[in-house]
Amino acid sequence: TYIDVVDNGPGIPEKIKPNLFKPFMSTKDAGTGTGLGLSICAKLIDAHRGKLENIDRTDGAHFRIRLPMIEIY
């Protein structure tokens, strides 16, 4: 099962993609962001045996959240 989150902004520059999910990674000016958002999301999803991934696009950002299916009784 997966959830896609997509926007139509400028996209993600190639040079930051390798560090996208690392703590304190930010493209904002100093003092305007902590750079923890994607890192925290990735850790939470991982804790639920899922995966957060970036899907390559040139016309915006595209993230996919994959979570395992579980049977509920």
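Overview of the structure. (Residues numbered from 1 in each chain as written. Predicted model: local features only at pLDDT ≥ 70, side-chain atom pairs only at ≥ 80, totals over all residues. Heavy atoms only, no water.)

## Brief notes about the sheet that holds strand S1 (residues 2-6)
As a reminder, the rule being used: Strands are treated as partners if at least two bridges between them are detected by DSSP. Where helices and strands are cited, they refer to DSSP runs of H or I of at least four residues and of E of at least two residues respectively, numbered from the N terminus. A fitted line through C-alpha atoms represents every axis, and for helices the fit uses only the stretch in contact; the resulting angles, taken between N-to-C directions, go from 0 to 180 degrees. The contact criterion used throughout is that any non-hydrogen atoms of two residues lie within 4.5 Å.
Strand order across the open sheet formed by three strands is S1-S3-S2, with antiparallel pairing between neighbours. In this open sheet, the two strands that pair with only one neighbour each are S1 and strand S2 (51-54). Strand-to-strand twist across the sheet, computed as the mean angle between neighbouring axes with direction ignored, equals 20°. Here S1 runs beside strand S3 (residues 62-66); their pairing, made up of five bridges, is antiparallel. Within S3, the position partnered with Ile3 by the bridge is Ile65. Against the sheet, helix H1 (residues 37-47) makes contact with S2 and S3, and its axis sits at roughly 140° relative to S2, the strand it touches most.

## So, the pairing of S3
Remark: a regular strand shows side chains that alternate across the two faces of the sheet. Pairing analysis gives four bridges linking S2 to S3, with the strands arranged antiparallel. Within S3, the residue paired with Glu53 across the bridge is Arg64.

## Remarks on the nonpolar core
For clarity, the cut-off: Throughout, nonpolar core names a set of buried Ala, Val, Leu, Ile, Met, Phe, Trp, Tyr and Cys residues whose side chains join them through atoms within 4.5 Å. Each residue's exposure class comes from its accessible area (1.4 Å probe, protein chains only) as a fraction of the maximum for that residue type: buried when under 20%, exposed when over 50%, partly exposed otherwise.
Formed by Ile12, Ile16, Leu20, Ile45, Leu52, Ala61 and Phe63, the largest nonpolar core amounts to seven residues. Those residues in contact with Leu20 that sit more than four places away from it in its chain are Ile12, Met25, Leu38, Asn54 and Phe63.

## Comments concerning the layout of surface pockets
Formally: Using a grid of 1 Å spacing that covers the protein atoms alone, one calls a set of points a cavity when a 1.4 Å probe fits there but cannot get out, and a pocket when the set is open and has protein on both sides within 12 Å along at least five of seven lines; lining residues are those with an atom within 4 Å of a point. Grid points are joined across faces, edges and corners, and a volume is the space filled by probe spheres set on the points. Note on residue classes: Ala, Val, Leu, Ile, Met, Phe, Trp, Tyr, Cys and Pro are nonpolar, Asp, Glu, Lys and Arg are charged, and everything else, Gly too, is polar.
Approximately 400 Å³ is the volume attributed to the largest pocket. When grouped by side-chain class, the residues that make up the lining of the largest pocket number 10 nonpolar, nine polar and three charged.

## Quick word on the packing of aromatic side chains
Worth spelling out the cut-off: Each pair of aromatic rings taken from Phe, Tyr and Trp, with Trp reduced to its six-membered ring, is defined by centres within 6.5 Å and is described as stacked if the planes are under 30 degrees apart, edge-to-face if over 60, and tilted in the remaining cases. Charges are assigned to positions over rings by a cutoff of 6 Å between ring centre and Lys NZ or Arg CZ, combined with an angular limit of 35 degrees from the ring normal.
Counted according to the given criterion, the structure contains one aromatic pair. Ring geometry for Phe21 and Phe63: centres 6.3 Å apart, planes at 75°, overall edge-to-face. You can see Phe21 sitting in the loop between S1 and H1 and its partner Phe63 sitting in strand S3, a full 42 residues away along the chain. Looking at Phe21, the relative accessible area reads 27%, which means it is partly exposed. On the basis of relative accessibility, which here comes to 14%, the residue Phe63 falls in the buried class. We note Arg64 situated over the ring of Tyr2; from NZ or CZ to the ring centre the distance is 4.2 Å.

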